[in-house]
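Given next are the chains, with one letter for each unit.
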Amino acid sequence: MARAATTTDAFNAVAEPRRRQILDLLAGGERPVNDLVERLGLAQPQVSKHLRVLREVDLVHVRDEGRQRLYRLNAEPLKPIHDWLSGYEQAWTDRPPAELP
């Protein structure tokens, strides 16, 4: 079975570490793209590419304020990921710690 395109599936979109970093930053509140560029230490085109993917899966919303574009988290598409992971919660809370060799 073919893998879903990153731009249509939140699971695949958040699989990329830089996108998770962007979501972590936006979880603290709305930010302009230049702030994301500075905090991530990436070039603006790279950040914009990741933001485009996150917008396409509706994980971020954008609004224009003057000459700035402000991005904010839309956490609703993360719920299916949370719901899926919650089925494993007991496995990591009930399991005894692994013994070191």
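Residues numbered from 1 in each chain as written. Predicted model: local features only at pLDDT ≥ 70, side-chain atom pairs only at ≥ 80, totals over all residues. Heavy atoms only, no water.

- If you look the chain up in an unreviewed UniProt entry, it shows as Transcriptional regulator, ArsR family protein from Winogradskya humida.

## Description of a nonpolar patch on the surface
Logical step 1: Taken together, Phe11, Trp84, Leu85, Tyr88 and Trp92 make up a surface patch of nonpolar side chains, about 550 Å² in accessible area.
Logical step 2: One can find Trp84 in helix 5 (residues 79-86).
Logical step 3: Classification of Trp84 as partly exposed rests on a relative accessible area of 47%. (Patch = residues over 30% accessible without salt bridge, like charges linked within 9 Å, V, L, I, M, F, W, Y side chains within 5 Å. Areas by Shrake-Rupley, 256 points an atom, 1.4 Å probe, with all protein chains shown as cover. Salt bridge = Lys/Arg side-chain N within 4 Å of Asp/Glu carboxyl O. Helix = DSSP H or I, 4+ residues; strand = E, 2+ residues; numbered from the N terminus. Buried < 20%, exposed > 50% of the residue type's maximum accessible area, 1.4 Å probe, protein only.)

## Some points on the confidence of the model for the chain
Interpretation of this model should avoid reading the predicted coordinates in detail wherever pLDDT is low.
Logical step 1: Looking at the chain as a whole, the pLDDT averages 88, with 86% of positions reaching at least 70.
Logical step 2: Considering each helix and strand of the chain separately, the mean pLDDT is smallest for helix 6 (residues 89-94), with a value of 78, and largest for helix 2 (residues 17-27), with 97. (pLDDT = per-residue confidence, 0-100.)

## Focus: the pairing of strand 3 (residues 68-73)
Logical step 1: When strand 1 (residues 31-32) meets strand 3, the two strands line up antiparallel, connected through two bridges. By the bridge assignment for strand 3, Pro32 is matched with Leu70.
Logical step 2: Counting the residues that bridge the hairpin from strand 2 (residues 60-65) to strand 3 gives two residues, and of these Gly66 lies at a positive phi of roughly 65°. (Pairing = 2+ DSSP bridges.)

## Description of the environment of Leu59
Logical step 1: One can find Leu59 in the loop between helix 4 (44-56) and strand 2.
Logical step 2: Look at Leu59 and you get buried, because its relative accessible area is 0%.
Logical step 3: Placed 17 residues apart in sequence, Leu59 and Glu76 show a C-alpha to C-alpha distance of 7.5 Å.
Logical step 4: Dropping the residues within four chain positions of it, Leu59 is found in contact with Ala10, Val14, Leu23, Leu54, Arg72, Leu73, Asn74, Pro77 and Leu78. (Contact = heavy atoms within 4.5 Å.)

## So, the side chain of His50
Logical step 1: Tracing the sequence through the fold places His50 in helix 4.
Logical step 2: Owing to a relative accessible area of 10%, His50 belongs among the buried residues under this scheme.
Logical step 3: Among residues more than four places away in sequence, those in contact with His50 are Glu16, Arg18, Arg19 and Ile22.

## Some points on the nonpolar core
Logical step 1: Grouped together as the largest cluster of nonpolar side chains are 21 residues, with contacts concentrated most on Val47, Leu51 and Leu59.
Logical step 2: Those elements that place two or more of their residues in this core are helix 1 (10-13), helix 2, helix 3 (33-40) and helix 4.
Logical step 3: Non-local contacts of Leu51, meaning those with residues more than four positions away in its chain, are made with Ile22, Val33, Leu36, Val60 and Tyr71. (Core = buried A, V, L, I, M, F, W, Y, C linked by side-chain atoms within 4.5 Å.)

## With respect to the pairing of strand 2
Logical step 1: Of the pairings in the sheet, the one linking strand 2 to strand 3 comprises six bridges and is antiparallel in character. Residue pairing in the sheet places Val62 in a bridge with Tyr71 of strand 3.

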